[in-house]
Amino acid sequence: MKKNQTRHNPEDNNENPNEIDNENETPLKDEADICQQLMDRYSKSSAPQHRHLIATAAAMRSILSAESLPFSPPAYFAAAISALDDDSASTLDSTAVGALLTFLSIVVPVVPKGGISSGKAKEAVEVLVRFVGKEGLGVANLRSGVKCLGVLVVGFSDLQDWDSVRFGLESLLGFAIDKRPKVRRCAQEYLEKVFKLFQSSIVTEEASKSVLSLLKKHMHVALILSTIKSADDSKDENLLKPEHLEVLHMLNVLKLTVPYLSAKIRLKVLSELCKLTSSEFSILTRNIHKTIGAFFGNSKFEANIPEMENVIVSLASYVSREKNPVDTLISAVTLLKCAVDKLHAVESNSWTKNVPLVCGSVAGLLTFEASTASQASDILTELIRHHIDLKPFSADSNVLGSEEADAIKSICSIFENALSSSDGLPNEHVLAVLTVMFQKLGESSYIFMKGIVHKLADLMTLSGGDMSNKSDLWDCIGSAVTVIGPERILTLLPITLHADDLNYSNVWLVPILKDYVVGASLSYYMEHIVPLAKSFQQASRKVKKSVIRQDLQAHAHSLWGLLPAFCRYPIDTCKKFKALAELLIDIFKVDSLMHDNIAVAVQILVNQNKSILRSGKDADESNNFIGRDSKLELRSPTSYSKKTAAKNIKALSSCAPELLQALTDVFVHSLPAKRLYLKDAIGCLASITDSSITKKIFVSLVEKLQFIDGEGEFEKQAGNADEFMEKEQSSLNTMGKDESRCVIMELASSLIEGADEDLIDFIYVLIKKTFQETDEIGHCEAYYALSRILEEHDWLCSSILVELIDLLLGLKSPADIASLRSRLDCFNTLMVHTLKMSSLEENTKPFLILNEIIVTLKDGKEEHRKATYDILLKMSSTLRNSPDLGSDPPYHKLISMIMGYLSGSSPHIKSGAVAALSVLLHNDTQICISMPDLVSSILSLLQTKAVEVIKAVLGFVKVLVSSLQAKDLQNFLSDVIHGVLQWSSISRYHFRSKVTVILEIVIRKCGIAAVQLVTPEKHRGFLNTVIEVIISNS
């Protein structure tokens, strides 16, 4: 009804134009004479109502003056009430009464607390009630009288004494259903205030009874209205009879007061409201819903089981009638959820009775338009998540027939019917609810949701497996796969191939299995999936028609490709991996199409177990690895503990050498694109393989590729392999020396994580030999391998630091970006290690590294400059976050080193150093404070004439003023302004525009006055031009 109350109402037209509507008037001051204030406010007004008010105020002041009373608000109040209570008051016309009521409504609010005794307040209320009903009073005057009533009850009555409050409260209740909106709103406002202030349980109980009495008084008419069906929900209140309007206003009063009623009365009120709730929309429906909502919104409300169940039944009946207005259906659904929540707090097992009922009524809304369906879906998913309780049983227990099982069975039946009733494919909202249901029931879905699984499968079959615009259906079936498991899913929906006619079924399920299988078993893959894949392969060989043959081969390959999915947290890794490894090695030799699947599977198995051990968390807390490869956020079996992971790693390690050998052999023969994923799998296996075995495999390969001889010495020339090697690896002999060098270096980089010092030394020697080749073939791979060694094995930096730096600096800086990035990574590790371990006086090598970095910052290729910027930031970040090891922290050493280049002779080097400092400043503005000479040193370069340097310095200043906060910028303001303005007259090289941009930034941050204060007189003209542009643009 709130909407209708704010609309213009003809009842307001009863307001006399000669009345004062002081609803929005500024309150008077309590310390000044009220009569005088009114005169000051209205003395110039010719309006009759103002003249009457001033006359009334003057009369009251005359009375106070005659009796030598102060001109205070309490005295004015007493005089006005006495005037109304006088015997002659009965002869007053409505204009005089209205003026007195208006005067009182102005006076009472400014009476100080305690200024009117509770007894006097009670008497005043009785006096006012006699006059507010006087005929001829307009709306504004009547509202003034009601306001007086409200203020007296709220502010001055004894709220601990029912007798003191009763008459005023009952009067407010009467006016709270008045036909005139302004009067009604005023009464409701003070009614709510007084209920909020009640602290006495006795008073609260009696006041609550008054509200209940008001409800019962109108129940007869309300019951009649509740049976009047309305097809048009826009019916105007003004067309209703007055007694009908009173029912609506009474429901509004209930909505306001329900939170403050006594618990006993609240239940009685709720019981009466249930009687007014029907399955069809009536003109009372919205008000009833709002009032019931007030019950549920009250934190003190204690649910009574029978009454709450009545509410749920009534609302569910209403929601089931889908022809009712949509907004009321949504409000009823929201109330249903609140009712179930309230009841659950009292009786946790109540869901078995109520959730099926609610789901049955709400499920129909899932096929409504999007907004309604979405809200219904949200509420259903919340009910499923928060109320269905699976604790009493598990998937393997015999629970059918129990109360909980019957409830779940009923809910699933409702959703199954919703699927059946869908016209074509179900919408996303139906499928979203089913997905949540699968997730909630988990393995128990196999018991309760078989029918739903079959219906979803029928929908997929009807679609012909075409998944365009069917991602929600895909995800829904995927959630079933995840929680039920592939074994049971394939029991319900078997993938079959009939050898006689080559018909097959349910192959559409394979891509879903690939995305959603987790926590399955390796044995099932080997014993069921592999034979199924082989049957498709065998069938394809018997078919002459190429289209059918290719189709069967594709299905066979997709079944083989389920291997990575079955390797996501399998439950039998420690028992079955050995058998799987033997199978994979055999497949490696005969099926090149499986190489990528095997490589991914190996990575998943190794990484997920290592991740659990490394993080110290169980699988359910550490499943990031699988999350990247699935559309659903896959669950990990809770049984996948650290202990399980340790056993799995042991099993994986025992078979790793054979797999490592197999992958290495394939790696050598593979194209570069294929080597990328093989290399990652080899790295995983090498990390869990004994390093001596890894070295043996690697050395054997190097020998086969004729990189070293049988004695372990490096070959100077590419010689012929012996007869045995030629027989075993004839294809390797055809590989050129250059190609073999790249393959060896690429493979070496993947073996580094788990390598011991012996293997690292061997790889390092190979790297040096590769760098000695003048044709630079293999350098990219060698750089990367070296960067990985330095990153993983910092002991090498400590043992041969100088040799490493000399090795790199002795090489020409590479032209290709991949090699450059790896070279810069090496420099980063060496630089950080050097700055942490030694002083610059002891070791000058860092300057040689930094020199190359600065030179590369000025490289003509943008990608080279960006790579150098990135490594500089990485270096500074590492040093900044490292603990200080003395008075000269490593990070400060780096800054000081770069600043040293500012005094160099070459403008190219100077500008490079400034560019480097600009990068560091942008990333860390604190260097201006920690290195106080930094800014002044760079600004001093503005005195030079080198264009390259000036450009770099202006760029640094722009970064400075952009990055610093205004308060920090103030410290450098004078130096910055004096420095840059000397280049403001030079238009060449864009100097003038660069200075303009700097000034604009500074002015925005520090203000015009601050900049003008430090600007030299000769540059004021230029500054004023900049200021004018800023002002005009703004």
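What you see is a predicted model, and the numbers here were worked out from it, not measured in a lab. (Residues numbered from 1 in each chain as written. Predicted model: local features only at pLDDT ≥ 70, side-chain atom pairs only at ≥ 80, totals over all residues. Heavy atoms only, no water.)

1. Focus on the nonpolar core
One finds Phe415, Leu456, Tyr525 and Phe698 to be the most contacted residues of the largest nonpolar core, which totals 342 residues. The dominant element in this core, judged by the number of residues it contributes, is helix H31 (residues 642-669), at 11 residues. Apart from the residues within four sequence positions on either side, Leu456 is in contact with Leu419, Leu431, Leu434, Phe438, Leu473, Cys476 and Ile477. Among the nonpolar cores identified, the runner-up in size contains five residues, and Val518, Ile612, Tyr640 and Ala645 belong to it. (Core = buried A, V, L, I, M, F, W, Y, C linked by side-chain atoms within 4.5 Å. Buried < 20%, exposed > 50% of the residue type's maximum accessible area, 1.4 Å probe, protein only. Helix = DSSP H or I, 4+ residues; strand = E, 2+ residues; numbered from the N terminus. Contact = heavy atoms within 4.5 Å.)

2. Thoughts on unusual backbone geometry
Comment: phi is negative for the bulk of residues other than glycine, and the bulk of peptide bonds are trans. For Asn506, which is not glycine, the phi dihedral falls at a positive 60°. For Tyr989, which is not glycine, the phi dihedral falls at a positive 60°. In this structure, Tyr989 sits in the loop between helix H49 (973-981) and helix H50 (991-1006). By relative accessible area, Tyr989 is classed as partly exposed at 33%.

3. Details of helix H22 (residues 471-484)
Between the first and last C-alpha of H22 there are 20 Å, a value that for 14 residues agrees with the 20 Å anticipated at 1.5 Å per step. For H22, the tally of buried residues reaches 11 of 14 residues, placing the bulk of the element in the interior. Considered for burial, the residues of H22 that qualify are Leu473, Trp474, Cys476, Ile477, Gly478, Ser479, Ala480, Val481, Thr482, Val483 and Ile484. Against helix H19 (428-441), helix H20 (445-448), helix H21 (450-462), helix H23 (486-492) and helix H24 (509-516) lie the buried residues of H22. With its phi angle positive at about 95°, Gly485 sits one or two positions after the end of H22. (Expected span 1.5 Å × (residues − 1).)

4. Digging into a negative patch on the surface
On the surface, Asp690, Asp756, Glu757 and Asp761 cluster together into a negatively charged patch. Structurally, the position occupied by Asp761 is in helix H37 (residues 757-772). Since its relative accessible area comes to 36%, Asp761 is described here as partly exposed. (Patch = residues over 30% accessible without salt bridge, like charges linked within 9 Å, V, L, I, M, F, W, Y side chains within 5 Å. Areas by Shrake-Rupley, 256 points an atom, 1.4 Å probe, with all protein chains shown as cover. Salt bridge = Lys/Arg side-chain N within 4 Å of Asp/Glu carboxyl O. Lys, Arg positive; Asp, Glu negative; His and termini not counted. Charge placed at Lys NZ, Arg CZ, Asp CG, Glu CD.)

5. Brief notes about the side chain of Ser210
Along the chain, Ser210 turns up in helix H10 (residues 201-226). When residues no more than four places from it in sequence are discounted, the contact partners of Ser210 are Trp162, Leu169, Glu170 and Leu173.

6. Some words on the packing of helix H40 (residues 817-837) against helix H41 (residues 845-857)
The geometry of H40 relative to H41 is characterised by a closest axis approach of 10 Å and an angle of 145° between their N-to-C directions. Where H40 crosses over H41, the two elements pack in a sense that is left-handed. On the side of H40, the interface is formed by Leu820, Arg823, Leu824, Phe827, Leu830, Met831 and Thr834, while H41 contributes Pro846, Ile849, Leu850, Glu852, Ile853 and Thr856. (Axes fitted to C-alpha atoms, helices over the stretch in contact; angles between N-to-C directions. Left-handed = near helix turned anticlockwise from the far one by under 90°.)

7. Observations concerning the environment of Val151
Of note, Val151 is situated in helix H7 (residues 139-155). Setting aside residues up to four positions removed in sequence, Val151 forms contacts with Val108, Pro109, Phe156 and Tyr190.

8. Points about the state of the cysteines
By the definition in use, this model includes zero disulfides. With no disulfide of its own, Cys412 lies 9.5 Å from the sulfur of Cys359, the closest cysteine sulfur. No disulfide involves Cys742; its nearest neighbouring cysteine sulfur is the one of Cys780, lying 8.5 Å away. (Disulfide = S-S within 2.5 Å.)

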